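Descriptive analysis of the structure
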Amino acid sequence: MTQFFGWGLCLSLVLSPIFAGFPLPGHTAQWPEILQRGTLIVAVKDNLRPLGFRSPDGTLQGLEIDLARRLAAELLGDSNAVKLEPVSNVNRLSVVFNHQVDLAIASVTANRVRSRLVDFSLPYYLDGTALVSKTKVSDVLNRVPSLSSPLSGQKIAVLNGSSTISIIRYHFPAAQLVGVDSYQQGYSLLEAGQATAFAGDASVLTGWVQEYPEYSLLPVQLGTQPLAVVMPKGQQYADLRAKVNQAIAALQADGWLLARTKSWGLPLPPASEK
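The structure displayed is predicted, hence computed values, not measured ones.

A separate point is the overall build of the protein chain. Check the secondary structure of the protein chain and you find 11 helices and 11 strands. Residues counted as buried form 46% of the 274 residues belonging to the protein chain. Accessible surface for the protein chain amounts to roughly 12,700 Å². Of this, 53% is attributable to carbon and sulfur atoms.

Written as structure tokens, this is what we have:
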């Protein structure tokens, strides 16, 4: 997830990397055309476990893949009536804005700046900031009432330029922050014993723990950040947006989203844990 940009920033600075290398906006299929086509085209992640990733045989899977297929079932009556298009982080908005796909379900946090370019659905998952560490360290932290005490003076790795930095500084002001350029670099730092924990998106760190079971999430999740379906702006797409929102509201109400979230091992905000 990208750092939240305040309203004071010049919009051109925000938009320039989004549109780099892309053509001017074209024509996105409106709902009647999608219905006639019989296929929903959705941009997804293919390298972000457990939201969207490939199994050993190359099959796309994850919470967001499940949601894309379920939306196809709800909107078109067939869970297979969906074309999944893997997308990089930098292109998650532009493929919708430039009308290359109908929707994007690709670990995108809804925020005010992005909503000037695209519309967002109701949230399908509330992500947050979490910390991961070696199991033996988390066992110790689980036995103490406050995380701020054992992490005082400890080194916590964070992604350079991420919103996680301010969150960790607020909650753990005595911790020493060590900037890294990637999750892999953070993993290497922890493996070398040069940091006690790594702070990042709870959804991403869940995938880390699933891939490296010797690690575990520490018993804290800081704040919430809504992940939502990216949809095109414009009155001509109102029917599509309404149908997506109606479907997500129904999937929330009947417990499908909560069940799939738990199935993929994703942490839940305290209010959702039952």
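Moving on: the confidence of the model for the protein chain. This prediction gives the protein chain a mean pLDDT of 85; 81% of its residues lie at or above 70. Note on residues 1–27: pLDDT under 50 across the span, and 43 contacts to partners over four residues away in sequence or across chains.

Residues L67, L71, V229 and V244 are the most contacted members of the largest nonpolar core, which totals 38 residues. Here this core gets 8 residues from one element, more than from any other, and that element is helix 3 (residues 63–76). Excluding residues that lie within four positions of it along the chain, L67 makes contacts with I105, Y124, V229, L251, W256 and L257.

This part is about the packing of helix 3 against helix 10 (residues 238–253). Across the interface, helix 3 lies against helix 10 with an axial gap of 10 Å and an inter-helix angle of 110 degrees. Judged on the interaxial angle alone, helix 10 and helix 3 are roughly perpendicular. Judged by the sense of rotation from one axis to the other, the crossing of helix 3 with helix 10 is right-handed. Contacts between helix 3 and helix 10 involve L67, R70, L71, E74 and L75 from the former and L240, K243, V244, A247, I248 and L251 from the latter. Its residues assigned to classes, the contact of helix 3 with helix 10 shows 8 nonpolar, no polar and 3 charged.

Let us look at the packing of helix 3 against helix 11 (residues 256–263). Between helix 3 and helix 11, the shortest axis-to-axis distance is 10 Å and the interhelical angle comes to 150 degrees. Classed by the angle they form, the pair helix 3 and helix 11 counts as roughly antiparallel. Crossing of helix 3 over helix 11 shows right-handed handedness. Residue-level contacts link L63, D66, L67 and R70 of helix 3 to W256, L257, R260 and T261 of helix 11. Partitioning the contact of helix 3 with helix 11 into residue classes produces 4 nonpolar, 1 polar and 3 charged.

Along the polypeptide, A228 turns up in strand 11 (residues 215–231). Those residues in contact with A228 that sit more than four places away from it in its chain are A104, V108, A110, F120, S121, L122, P123 and Y124.

Here we come to the sheet that holds strand 3 (residues 52–54). With antiparallel pairing, the 3 strands of this open sheet are ordered in space as 2-3-4. Taken across any chain shown, the strands that pair with only one partner, and hence form the sheet edges, are strand 2 (47–48) and strand 4 (60–61). Here 2 bridges tie strand 2 to strand 3, and the two strands are oriented antiparallel to one another. Across the sheet, L48 pairs through a bridge with G52, a residue of strand 3.

Turning next to the environment of I41. Inspection of the secondary structure puts I41 in strand 1 (residues 40–44). Relative accessible area serves as the criterion here: at 18%, I41 is assigned to the buried category. Residues I41 and D102, spaced 61 residues apart in sequence, show a C-alpha to C-alpha distance of 5.2 Å. In contact with I41, not counting residues within four places along its chain, are K83, E85, Q100, V101, D102 and L103.

Thresholds, definitions, all that
- Residues numbered from 1 in each chain as written.
- Predicted model: local features only at pLDDT ≥ 70, side-chain atom pairs only at ≥ 80, totals over all residues.
- Heavy atoms only, no water.
- Helix = DSSP H or I, 4+ residues; strand = E, 2+ residues; numbered from the N terminus.
- Buried < 20%, exposed > 50% of the residue type's maximum accessible area, 1.4 Å probe, protein only.
- Areas by Shrake-Rupley, 256 points an atom, 1.4 Å probe, with all protein chains shown as cover.
- pLDDT = per-residue confidence, 0-100.
- Contact = heavy atoms within 4.5 Å.
- Core = buried A, V, L, I, M, F, W, Y, C linked by side-chain atoms within 4.5 Å.
- Axes fitted to C-alpha atoms, helices over the stretch in contact; angles between N-to-C directions.
- Parallel < 35°, antiparallel > 145°, perpendicular 65-115°, else oblique.
- Left-handed = near helix turned anticlockwise from the far one by under 90°.
- Nonpolar A, V, L, I, M, F, W, Y, C, P; charged D, E, K, R; others polar.
- Pairing = 2+ DSSP bridges.

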